[in-house]
Amino acid sequence: VVESVNIIRDRLARDDTLSDRTFLSIDQISELLTFVLTTAYFVFQGQLYEQKEGASVGSLVSPITAKYLHGGL
């Protein structure tokens, strides 16, 4: 997660239009992204589980993170 967030931080730092799209700082975005990528719970057959790695399937941040990590956006 740390490496992924660092890659995204670098890409955001090079984004000249970021401030036009959000009032959040890169530090705030990174903190929120770290939280989302490390805090995933789900229920399966009535039992609560914590996902240990990766973004949750169906999470809105998953495709955005993947695009940033692979040179998109």
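Here the residue index of a chain counts from 1 through its sequence in written order. Totals for whole chains, interfaces and linings use all residues, but because this is a predicted model, local features are given only for residues with pLDDT of at least 70 and pairs of side-chain atoms are given and counted only at 80 or more. As a rule here, side-chain values cover all heavy atoms of the structure and leave hydrogens and water aside.

Draft legend 1. View of the overall build of the protein. Secondary structure assignment for the protein yields 4 helices and 2 strands. Only DSSP runs of H or I covering at least 4 residues are called helices, and only runs of E covering at least 2 are called strands; the numbering of each starts at the N terminus. Counting helices and strands in the order they occur from the N terminus, the protein gives α-α-α-β-β-α. With the principal axes as the frame, the protein shows a C-alpha extent of 45 × 25 × 20 Å. A total of 73 residues make up the protein; the buried ones form 19% of that total. Per-residue and other accessible areas were derived by the Shrake-Rupley procedure at a 1.4 Å probe size, with only the shown protein chains allowed to occlude residues. A total of about 5,600 Å² of accessible surface is found on the protein, and carbon and sulfur atoms cover 57% of it. In summary, the charge assignment counts Lys and Arg as positive and Asp and Glu as negative, without counting His or the chain termini. Charge coordinates come from a single atom per side chain, which is NZ of Lys, CZ of Arg, CG of Asp or CD of Glu. Both charge centroids of the protein, one from 6 positive and one from 9 negative side chains, sit 5 Å from each other. Between buried and exposed lies partly exposed: a residue is buried under 20% and exposed over 50% of the maximum accessible area for its type, with that area taken using a 1.4 Å probe on protein chains only.

Draft legend 2. The arrangement of the packing of helix H1 (residues 2-13) against helix H4 (residues 61-69) in detail. As a packed pair, H1 and H4 sit with axes 9 Å apart at the nearest point and diverge in direction by 70 degrees. The orientation of H1 relative to H4 falls into the category roughly perpendicular. From H1, Ser 4, Ile 7, Ile 8, Arg 11 and Leu 12 reach across to H4, where they touch Thr 65, Tyr 68 and Leu 69. Throughout this entry, Asp, Glu, Lys and Arg are counted as charged residues, while Ala, Val, Leu, Ile, Met, Phe, Trp, Tyr, Cys and Pro are counted as nonpolar. The remaining residues, Gly among them, count as polar. Its residues placed into classes, the contact of H1 with H4 shows 5 nonpolar, 2 polar and 1 charged. Structural elements are reduced to axes, namely lines fitted to C-alpha atoms, with helices fitted over the stretch in contact, and the angle between N-to-C directions of any two is expressed from 0 to 180 degrees. Here the angle decides the label: under 35 degrees means roughly parallel, over 145 means roughly antiparallel, 65 to 115 means roughly perpendicular, and every other value means oblique. The contact definition used throughout considers only heavy atoms, calling two residues in contact when any of these lie within 4.5 Å.

Draft legend 3. View of the nonpolar core. In terms of nonpolar packing, the biggest core is built from 9 residues, these being Val 5, Ile 8, Leu 12, Leu 18, Ile 29, Leu 33, Leu 37, Val 61 and Tyr 68. Of all elements in the fold, only H1, helix H3 (26-38) and H4 reach the threshold of two or more residues within this core. By nonpolar core is meant a set of buried Ala, Val, Leu, Ile, Met, Phe, Trp, Tyr and Cys residues that side-chain atoms within 4.5 Å join together.

Draft legend 4. Representation of H1 within the structure. Here a helix's expected span is defined as the number of its residues, less one, multiplied by 1.5 Å. Here H1 spans 16 Å end to end across 12 residues, near enough to the 16 Å set by a 1.5 Å rise per residue. Tucked into the core, H1 has its buried residues touching helix H2 (18-21), H3 and H4.

Draft legend 5. Summary view of the pattern of salt bridges. Within this document, salt bridges are pairs made up of a side-chain nitrogen of Lys or Arg and a carboxyl oxygen of Asp or Glu, the two lying within 4 Å of each other. For the coordinates displayed, the defined rule picks out 2 salt bridges. One salt bridge in this structure joins Asp 27 and Arg 9, with 2.7 Å as the shortest N-O distance. Of the two residues, Asp 27 sits in helix H3 while Arg 9 sits in helix H1, which places them 18 residues apart along the sequence. Linking Asp 15 and Arg 21 is a salt bridge whose minimum nitrogen-to-oxygen distance equals 2.7 Å. When its relative accessible area of 19% is taken as the criterion, Asp 15 is described as buried.

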